[in-house]
Amino acid sequence: QVPLVESGGGLVMAGDSLRLSCAASGRTFNRYAMGWFRQAPGKEREFVAAIDRSGSSTDYADSVKGRFTISRDNTKNTVYLQMNSPKPEDTAVYYCAADRWSLIPTRRGQVYDTWGQGTQVTVSS
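Now for a look at the structure at hand. (Residues numbered from 1 in each chain as written. Predicted model: local features only at pLDDT ≥ 70, side-chain atom pairs only at ≥ 80, totals over all residues. Heavy atoms only, no water.)

## Brief notes about the layout of surface pockets
Considering only enclosed or pocket space, the largest pocket measures out at about 180 Å³ in volume. Forming the walls of the largest pocket are 14 residues, and the residues nearest its centre are Arg 38, Ala 40, Lys 43, Glu 46 and Glu 89. (1 Å grid on protein atoms, 1.4 Å probe; cavity = no way out; pocket = protein on both sides within 12 Å on 5 of 7 lines; lining within 4 Å. Points joined across faces, edges and corners; volume = space filled by probe spheres on them.)

See the structure below:
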């Protein structure tokens, strides 16, 4: 497993931008596909975005496609979620997760081995 720590959450106005970071410790970060998920109060956790080990392949939920961008820097052991034009409905706790086995980005939360503690994002209108 690779410990994960999210940062960058906070209060943002609708239409502004926010970048979340997820830092991993250890030397095997580039062996993990990574994903971002979110959970709003009273709702189930949902997939947001995922990226493969090299960063060459990504996948997005329809609700964020065109607004959010997932990227990674394997030299810094960090995965990012750039949130452009956020909407109030994007308000949630955002979690990053590491997937040791998949060779492509996956939306299935149950295949991810390790999860961060989450960071709150609140989008105000």
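## Some details on the packing of aromatic side chains
This model, assessed by the stated rule, comprises four aromatic pairs. Here the aromatic rings of Phe 37 and Phe 47 are separated by 5.7 Å at their centres, their planes lie at 75 degrees, and the arrangement is edge-to-face. In this pair, Phe 37 is assigned in strand E4 (residues 33–39) and Phe 47 in strand E5 (residues 46–51), connecting sequence segments 10 residues apart. Here Phe 37 falls in the buried class, since its relative accessible area comes to 2%. (Phe/Tyr/Trp six-rings, centres within 6.5 Å; stacked < 30°, edge-to-face > 60°. Helix = DSSP H or I, 4+ residues; strand = E, 2+ residues; numbered from the N terminus. Buried < 20%, exposed > 50% of the residue type's maximum accessible area, 1.4 Å probe, protein only.)

## Here we look at the state of the cysteines
Note on terminology: a disulfide is the covalent bond linking the sulfur atoms of two cysteines. Summed over all chains, the structure comprises one disulfide. Two residues, Cys 22 and Cys 96, share a disulfide whose sulfurs are 1.9 Å apart. Residues Cys 22 and Cys 96 share a disulfide whose torsion about the S-S bond is about 50 degrees; that sign makes it right-handed. Pair noted here: Cys 22 is in strand E3 (residues 17–24) and Cys 96 is in strand E9 (residues 92–99), with a separation of 74 residues, a long-range link. For the pair Cys 22 and Cys 96, one class covers both residues: buried. (Disulfide = S-S within 2.5 Å.)

## Topic: unusual backbone geometry
Not every positive phi belongs to a glycine, and Asn 77 is a case in point at roughly 55 degrees. By the secondary structure assignment, Asn 77 is in the loop between strand E7 (68–73) and strand E8 (78–84). Positive phi outside glycine occurs at Ser 85, with the angle close to 50 degrees. According to the relative accessible area criterion, Ser 85 is partly exposed, its value standing at 39%.

## What to know about the nonpolar core
Among the nonpolar cores identified, the biggest contains 34 residues, and Met 34, Trp 36, Leu 81 and Tyr 94 are the most heavily contacted of them. Listing elements by their share of this core, those giving two or more residues are E3, E4, E5, E7, E8, E9 and strand E11 (119–124). (Core = buried A, V, L, I, M, F, W, Y, C linked by side-chain atoms within 4.5 Å.)

## Remarks on the sheet that holds E3
In spatial order, the strands read E1-E3-E8-E7; together these four strands make up an open sheet with antiparallel pairing. Single-partner strands in this sheet number two, and they are strand E1 (4–7) and E7. Each adjacent strand pair in this sheet contributes to an overall mean axis angle of 15 degrees, direction not counted. Looking at chain direction, E3 and E8 are connected through seven bridges and run antiparallel. Directly across from Ala 23, in E8, lies its bridge partner Thr 78. (Pairing = 2+ DSSP bridges. Axes fitted to C-alpha atoms, helices over the stretch in contact; angles between N-to-C directions.)

## Some details on the pairing of E8
Taken across its seven residues, E8 has five buried, putting it largely inside the fold. Two elements, E7 and E8, share six bridges in a ladder whose sense is antiparallel. Within E8, the position partnered with Ser 71 by the bridge is Tyr 80.

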